[in-house]
Amino acid sequence: MTQTIAPRVRTLVLLLLAVTGALLAGAAPASAHAALTGSDPAQGAVVDTAPAQVSLTFSEPIAVSDDSVRVLDPKGERVDKGAPANPGGTTFSVRLLSGLPDGTYTVAYQVVSADSHPVAGAFTFSIGAPSETTVSVAAQGSDDGLVGWLYGFGRYVSYAGFVVMVGGAAFVLACWGPGARVRPVQRLVVSGWLTLTAATLGLLLMRGSYTTSGKVGDIFDLSLLGEVLQTKSGAALVSRLLLLAAAALFIAVLFGAYARTAAAGGPDDGPASATASDDGPASATASDDGSDPATASDDDSAQAAGKGHGADEGSDGRDLTFGLAIGGTVVAAGLAASWAMSEHASQGLQPGVAMPVDVVHLLAVAVWLGGLTALLVALYRAPAASPVGRDAVRRFSRLAFGSVVTLAVTGVYQSWRQLGSWSAFTDTRYGQLLLAKIALVAVMVAVAFVSRRWTQRLADVRIAGEAEQEKQPAGAVPVQASEASDAEKTGSGKGQDAVRAAQLARQRAATEAARQKRLRDADPNRFGLRRSVLAEAGVAVVLLAVTTVLTQTEPGRTEQDARTAADTSASASAGTGQGSGAVSLTMPFDTGGANGKGVVSVDLDPARVGDNDMHVYVEGPGGRAVDVPEVKIALTLTAQDIGPLPVAPDHIATGHWSASGVQIPMAGDWKVEVTVRTSDIDQVTVSKNAQIG
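## What to know about the overall build of the protein chain
Step number 1: Tallying secondary structure elements over the protein chain gives 16 helices and 18 strands in all.
Step number 2: For the protein chain, the proportion of its 693 residues judged to be buried stands at 45%.
Step number 3: The contacts in the protein chain between residues at least 6 apart in sequence include a share of 71% that link residues at least 24 apart.
Step number 4: Summed over its atoms, the accessible surface of the protein chain is roughly 32,700 Å², and 59% of this surface lies on carbon and sulfur atoms.

Below, the structure is given as structure tokens:
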């Protein structure tokens, strides 16, 4: 059975990498948690005179630098001056040069939200009238590309390290004291500490590039590192490193002084019960001894002294366990707070309540998933001399149940806070990921129920085995003990063969231990428990990956607020007859018939390669919106011999047509042709060129 652990561990690792890669690669580029909710001038607006400044309003506080907001003229030259100012709240403004000519101007911004995520975007406005060309702004933000992927992976690794370290230590302290002596369990907890430490250092180095340029070469830029250390996110990462130093001391005591007090007699005994179990056999030996009363009296005195010493050791063991529990809880809560104070919980509604709730939520996740990992290692890798027993599994089952209840309570509050409405479950990416997380938790709970049944069967078999042992004669001697005794007698009879006899005794003991391990591995109940716990761990890997992506995704409440603000802006622009797209073209037409004169306007948003939204407006000579029997659009890229690509917009309202999903295959100088038909026989085609992409 133990030979199958390596393939299964490799399977879990491959599953971890595959799921993480798929989720991180599939994450939307706009995964930031602050959204642009308004601007002055508004997106797509046409103003009569040049404004003195441009203002941007976000859904939450942001951090800005000197180059966070850039305003570019139609030729791509910067026309802003000075660093962005914060006149109040979540609104930031940048001053413009005086005497700006007419045309379309592009506003590009790249800021950092209060919950540590970069936010990038662009929009346009026009002075006097829209220009025929617009500036092309790179769509890729600093959180895209290699650095963004590495940063996201580093976040996953840091969560995994935290879960393994905290959960493994909690499993040893609360469920299986002798596990402190088991090398595989020690390696698991230490590897969690090393993973979290390395990931935190990596995140600290990548933070500057992640929030600014997104270039790999800037990872080791010391000036950027200095700027990061002055931010809230940088302070949180440094605090995490300091707390990890305290965690290292905790781990040293756990696997040092605490391990020495752990029981060696039973697989489920703790430090206190270890002393009691050691006393029992000593008393039995004294009572059965056939020595004279004086010797018996001396033995009783020695036993009494031993009991007193054992009581002192038991008291010291309990004090050490209590101290480790308190200290470990404080350190673990501090580590969890380093996430809560710099991410979702620190912004939005009720941050004073949300941050403690987030800390409790993270601790519950760590105790459940990390403890599950430790149990899996104990079931597969614990030596035959100290196997994890039914009592330890039962304790963890109760601990896991409490963690699940805690997760449910805190999760309901967090869901309400981040979503705000039932529709956000299906209408936003955050809600969809949250549904996936809830489904995975439900699957884990179902598998845990199966594990609980296997644990009960294991306990029933163990109790039956103990009853059979009680029926054996009191003077029965185990085979291994009698063989060892014979070896010792042989060794004493032949002084020159004493060393050889000792070697034979050790070989017999090792053989017997291997036999017991094979018998234990062949137990169908233990085998079933191993399989169910392994299944839980596999689901936990996927659950942790989904949780990591969830922390990098814009909350549903923020996404819906931003969408509402954008819809309001679009409606206002449509009501004034002004376009709301990144490219706006106005063309007069005359079909030659009655009421055949007017103006047609075409808006294309965001005017980039890929999907675009198109709006078409038709106005009569007096500027009043009018309906016509038919409007058709055709797009042609003459330089690449592409097109004409037909677009058939749908009639939305009087004088307003719209089409979504308009595909622009490549960037270039596109010819936009509009065919307007005002009667059965009167129609005309007008055109204009625009730089798209």
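Back to the write-up after that little detour.
## Quick look at the packing of aromatic side chains
For any two aromatic rings, the description comes down to two numbers: the centre-to-centre distance and the angle of the planes.
Step number 1: Taken as a whole, this structure holds ten aromatic pairs when the rule is applied.
Step number 2: Here Tyr105 and Phe125 contribute two aromatic rings whose centre-to-centre distance is 5.8 Å and whose plane-to-plane angle is 20°, an arrangement assigned as stacked. You can see Tyr105 sitting in strand β8 (residues 103-113) and its partner Phe125 sitting in strand β9 (residues 118-127), a full 20 residues away along the chain.
Step number 3: When the ring of Phe162 is compared with that of Trp339, the centres are 5.2 Å apart and the planes differ by 65°; the resulting orientation is edge-to-face. A residue pair is termed long-range when its members are at least 10 positions apart, and Phe162 in helix α2 (residues 145-174) and Trp339 in helix α8 (residues 293-340) qualify at 177 residues.

## Section: the sheet that holds strand β18 (residues 683-692)
Step number 1: Taken together, the four strands give an open sheet; going across it, the order is β14-β13-β17-β18, and neighbouring strands pair in antiparallel fashion. Looking at which strands have only one partner, the edges of the open sheet turn out to be β14 (642-647) and β18. Averaged over all neighbouring strand pairs, the angle between strand axes comes to 20°, with direction disregarded.
Step number 2: Pairing of strand β13 (residues 630-637) with β14, which is carried by four bridges, proceeds in the antiparallel orientation. Following the sheet pairing, Leu635 is matched in β14 by Leu645.

## Details of the sheet that holds strand β11 (residues 597-605)
Step number 1: Here we have five strands laid out as an open sheet, ordered β10-β11-β12-β16-β15, and antiparallel in their pairing. The open sheet has two edge strands with one neighbour each: β10 (583-590) and β15 (650-653). The sheet shows a mean angle of 25° between the axes of neighbouring strands, taken without regard to direction.
Step number 2: Both β15 and strand β16 (residues 656-664) contribute to a ladder of three bridges, which runs antiparallel. Counted as the bridge partner of His651 is Trp657 from β16.

## Considering the pairing of β13
Step number 1: Burial of β13 is extensive: six of the eight residues sit out of reach of the surface.
Step number 2: Taken together, the seven bridges between β13 and strand β17 (residues 668-677) define a ladder with antiparallel strand orientation. The residue of β17 that forms the bridge with Ala634 is Glu673.
Step number 3: Hairpin connection between β13 and β14: a loop of four residues separates the two successive antiparallel strands, and Asp641 in this loop has a positive phi of roughly 55°.

## So, the nonpolar core
Nonpolar side chains in soluble globular proteins tend to be buried together.
Step number 1: Ranked by size, the top nonpolar core spans 79 residues in total, and within it Phe162, Met165, Trp176 and Leu254 carry the most contacts.
Step number 2: No other element matches the 16 residues that helix α9 (residues 351-381) contributes to this core.
Step number 3: Residues Phe589, Met614, Ile633 and Ile692 belong to the second largest nonpolar core, which totals 30 residues.

## Digging into the side chain of Asp682
Step number 1: Mapped onto the elements, Asp682 comes out in the loop between β17 and β18.
Step number 2: It turns out Asp682 is buried and unbridged, and the closest side chain with the opposite charge, Arg677, is 9.2 Å from it.
Step number 3: Of note is the side chain of Asp682, whose polar atom sits 2.8 Å from the side chain of Ser679.

## A closer look at the pattern of salt bridges
Step number 1: Counted according to the given criterion, the structure contains four salt bridges.
Step number 2: Here Arg78 and Asp80 are joined by a salt bridge, their closest N and O atoms 2.6 Å apart.
Step number 3: Between Arg677 and Asp680 there is a salt bridge; the shortest N-O distance is 3.9 Å.
Step number 4: Among the charged side chains, a network of salt bridges with common partners joins Glu630, Arg677 and Asp680.

## A short note on helix α10 (residues 390-419)
Step number 1: With 30 residues, α10 extends 42 Å from end C-alpha to end C-alpha; this agrees with the ideal 44 Å at 1.5 Å per step.
Step number 2: Phi turns positive one or two residues past the end of α10, at Gly420, with a value near 85°.

## Thoughts on α2
Step number 1: Over its 30 residues, α2 extends 43 Å from the first C-alpha to the last, a length consistent with the 44 Å expected when each residue adds 1.5 Å.
Step number 2: The element α2 is largely enclosed, with a buried count of 22 among its 30 residues.

## Side note on the packing of α2 against helix α5 (residues 232-254)
Step number 1: It is at 12 Å that the axes of α2 and α5 come closest, and there the two elements cross at 30°. By the criterion of interaxial angle, the relationship of α2 to α5 is roughly parallel. Remark: the crossing between α2 and α5 carries left-handed chirality. Note on element contacts: α5 touches α2 through Arg240, Leu244, Ala247, Phe250, Ile251 and Leu254, opposite Ser158, Met165, Ala169, Val172 and Leu173.
Step number 2: Grouping the constituent residues of the contact of α2 with α5 by class yields nine nonpolar, one polar and one charged.

## Here's the deal with the confidence of the model for the protein chain
Step number 1: Residue-level pLDDT values for the protein chain average 74, and 71% of them are 70 or greater.
Step number 2: Here helix α7 (residues 271-288) is the element of the protein chain with the lowest mean pLDDT, 36, and α5 is the one with the highest, 93.
Step number 3: Note that pLDDT drops below 50 for residues 487-492; the model gives that stretch six contacts with residues more than four away or on any other chain.
Step number 4: Below a pLDDT of 50 lies the segment residues 572-581, which in the model reaches 23 contacts outside its immediate sequence neighbourhood of four places, other chains included.

## So, the environment of Ala180
Step number 1: Here Ala180 is to be found in the loop between α2 and α3 (183-211).
Step number 2: Of the residues examined, Ala180 reaches a relative accessible area of 0% and is grouped as buried.
Step number 3: Taking the C-alpha atoms as reference points, Ala180 and Leu254, 74 residues apart in sequence, are found 6.8 Å from one another.
Step number 4: With sequence-adjacent residues up to four places away left out, Ala180 is seen in contact with Val172, Gln186, Leu254, Phe255, Tyr258 and Ala259.

## A few points about the packing of α3 against α9
Step number 1: Direction vectors running N to C along α3 and α9 enclose 150°, while the axes themselves pass 9 Å from each other. When the interaxial angle is binned, α3 and α9 end up roughly antiparallel. α9 is crossed by α3, and the crossing has right-handed handedness. Across the interface between the two elements, Pro184, Val185 and Leu188 of α3 pack against Thr373, Ala374, Val377 and Arg381 of α9.
Step number 2: Taken together, the residues that form the contact of α3 with α9 break down as five nonpolar, one polar and one charged.

Cut-offs applied
- Residues numbered from 1 in each chain as written.
- Predicted model: local features only at pLDDT ≥ 70, side-chain atom pairs only at ≥ 80, totals over all residues.
- Heavy atoms only, no water.
- Helix = DSSP H or I, 4+ residues; strand = E, 2+ residues; numbered from the N terminus.
- Buried < 20%, exposed > 50% of the residue type's maximum accessible area, 1.4 Å probe, protein only.
- Contact = heavy atoms within 4.5 Å.
- Areas by Shrake-Rupley, 256 points an atom, 1.4 Å probe, with all protein chains shown as cover.
- Phe/Tyr/Trp six-rings, centres within 6.5 Å; stacked < 30°, edge-to-face > 60°.
- Pairing = 2+ DSSP bridges.
- Axes fitted to C-alpha atoms, helices over the stretch in contact; angles between N-to-C directions.
- Core = buried A, V, L, I, M, F, W, Y, C linked by side-chain atoms within 4.5 Å.
- Lys, Arg positive; Asp, Glu negative; His and termini not counted.
- Salt bridge = Lys/Arg side-chain N within 4 Å of Asp/Glu carboxyl O.
- Polar contact = N/O pair within 3.5 Å; in protein donor to acceptor, adjacent residues only side chain to side chain.
- Expected span 1.5 Å × (residues − 1).
- Parallel < 35°, antiparallel > 145°, perpendicular 65-115°, else oblique.
- Left-handed = near helix turned anticlockwise from the far one by under 90°.
- Nonpolar A, V, L, I, M, F, W, Y, C, P; charged D, E, K, R; others polar.
- pLDDT = per-residue confidence, 0-100.

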